[in-house]
Amino acid sequence: MPPRRQRPRETPALVAFGRQMRRLREAKDVKQETIAHLTKVSGPQVSRIENGKKRATRSFVVAVDEHLDAGGSLISLWEDLNKDGHPVPIWFDWPQVEADAAMLICWQHSVIPGLAQTPAYALALLRGNQEAADARIGRQAILTEGKDSSPPTVVLLLNEHVLHNPVGTPETMREQLEHLLEMSLLPNVTIQVVLSSGEHEGVLGAFVVATMEDRSEVAYIETAIRGITTDNPSDLSSLARTLVELRSQALTHAMSRELIRKVIKERWT
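The rules we used
Residues numbered from 1 in each chain as written. Predicted model: local features only at pLDDT ≥ 70, side-chain atom pairs only at ≥ 80, totals over all residues. Heavy atoms only, no water. Helix = DSSP H or I, 4+ residues; strand = E, 2+ residues; numbered from the N terminus. Buried < 20%, exposed > 50% of the residue type's maximum accessible area, 1.4 Å probe, protein only. Contact = heavy atoms within 4.5 Å. Pairing = 2+ DSSP bridges. Core = buried A, V, L, I, M, F, W, Y, C linked by side-chain atoms within 4.5 Å. Axes fitted to C-alpha atoms, helices over the stretch in contact; angles between N-to-C directions. Parallel < 35°, antiparallel > 145°, perpendicular 65-115°, else oblique. Left-handed = near helix turned anticlockwise from the far one by under 90°. Nonpolar A, V, L, I, M, F, W, Y, C, P; charged D, E, K, R; others polar.

### Details of the overall build of the protein
So, point 1. A count of helices and strands for the protein gives twelve helices and six strands.
So, point 2. Each of the 269 residues in the protein was classed as buried or not, and the buried ones make up 47%.
So, point 3. A fraction of 73% describes how many contacts in the protein between residues 6 or more apart in sequence connect residues 24 or more apart.

Structure follows, in structure tokens:
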């Protein structure tokens, strides 16, 4: 089983930003501890940003730019590295974001989310691509506690249709729904079924919102072509409104478990 919560690998964008921030900070003879206190993040997180191992939030960059009298240069660099022209920003490696998150809230309207799939279900969805299926199942290591950190809080919001949508054989579906019931017993996992309805924004697509340790957020949004990632405040606000609407229509955790049991018995047995 792969080690859980691996830290993001350096990318050219992260390294470029981190080096410039370090140069500006050292030119002003400002310590990392001062930046940490100013931005209300930990000292190690500041170090990771400067070493190109962590993405900085815009609010963090604005505060640092002002404190270092950088005249907006640090903000401009941050914006250049996150231009709208990049549909998938080069510094968002979603599997690493997912592994590093403190909380993950997922909405799925058509299939079981990857973090909750069984090997057989994943293999059927991926049309027999064993390597891709193994990689997907390997990501589930983050759901259980490791020796170095606690697992994230995970909320899975599932459209009722997902429970009835056939993937693979009936045996595959029965095993998959039984796996959902087992997962729901984990103390950090909540599963809620949203009763089928086309009268909410969730019909427009599946997505996951990751909340990081510093309370910043990154979202992964599925499209027919590719998944995209974003931390644009407008995008996040729209997804937050959708989540409020979805959770208002969702069954409780206990009621969702009962419905899953009922579907297993009536549909897949």
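Still more ground to cover, so stick around.
### Structural notes on the pairing of strand E2 (residues 153-159)
Two faces make up the sheet, and in a regular strand the side chains alternate between them.
So, point 1. In terms of burial, E2 is largely enclosed, as six of its seven residues are buried.
So, point 2. In this sheet, E2 lies alongside strand E1 (residues 103-108) in parallel orientation, the contact comprising six bridges. Among the inter-strand pairings, cysteine 106 is bridged to a residue of E2, identified as leucine 156.
So, point 3. As paired elements, E2 and strand E3 (residues 189-194) share six bridges and run parallel to each other. Residue pairing in the sheet places leucine 156 in a bridge with isoleucine 191 of E3.

### Focus: the nonpolar core
So, point 1. Residues Leu104, Leu156, Leu163, Leu177, Leu180, Ile191 and Ile260 are the most contacted members of the largest nonpolar core, which totals 37 residues.
So, point 2. Residue assignment for this core shows that the elements contributing at least two residues are helix H6 (94-100), E1, E2, helix H9 (160-164), helix H10 (170-183), E3, strand E4 (207-211) and helix H12 (253-267).
So, point 3. Ranked by residues supplied to this core, first place goes to H10 with five residues.
So, point 4. Excluding its chain neighbours within four sequence positions, the residues that come into contact with leucine 104 are Glu98, Leu115, Ile142, Pro152, Thr153, Val154, Val155, Val208, Val209 and Ala210.
So, point 5. By size, the runner-up hydrophobic cluster in this structure holds 19 residues, among which are Val30, Ile49, Val61 and Ile75.

### Description of unusual backbone geometry
So, point 1. With a phi close to 60°, lysine 40 is a non-glycine residue in the positive phi region.
So, point 2. Among the structural elements, lysine 40 can be located in the loop between helix H2 (32-39) and helix H3 (43-50).
So, point 3. Residue classification places lysine 40 among the exposed positions, given a relative accessible area of 76%.

### With respect to the packing of H2 against helix H4 (residues 58-67)
So, point 1. Two elements in contact, H2 and H4, have axes whose closest approach is 10 Å; the angle formed by their N-to-C orientations is 125°. Classed by the angle they form, the pair H2 and H4 counts as oblique. The two elements H2 and H4 cross, and the hand of that crossing is right-handed. Here H2 contributes Thr34, Ile35, Leu38 and Thr39 to the contact with H4, which in turn contributes Phe60, Ala63, Val64 and His67.
So, point 2. Class assignment of the residues belonging to the contact of H2 with H4 gives a composition of five nonpolar, three polar and no charged.

Shape descriptors only; they carry no functional weight alone.
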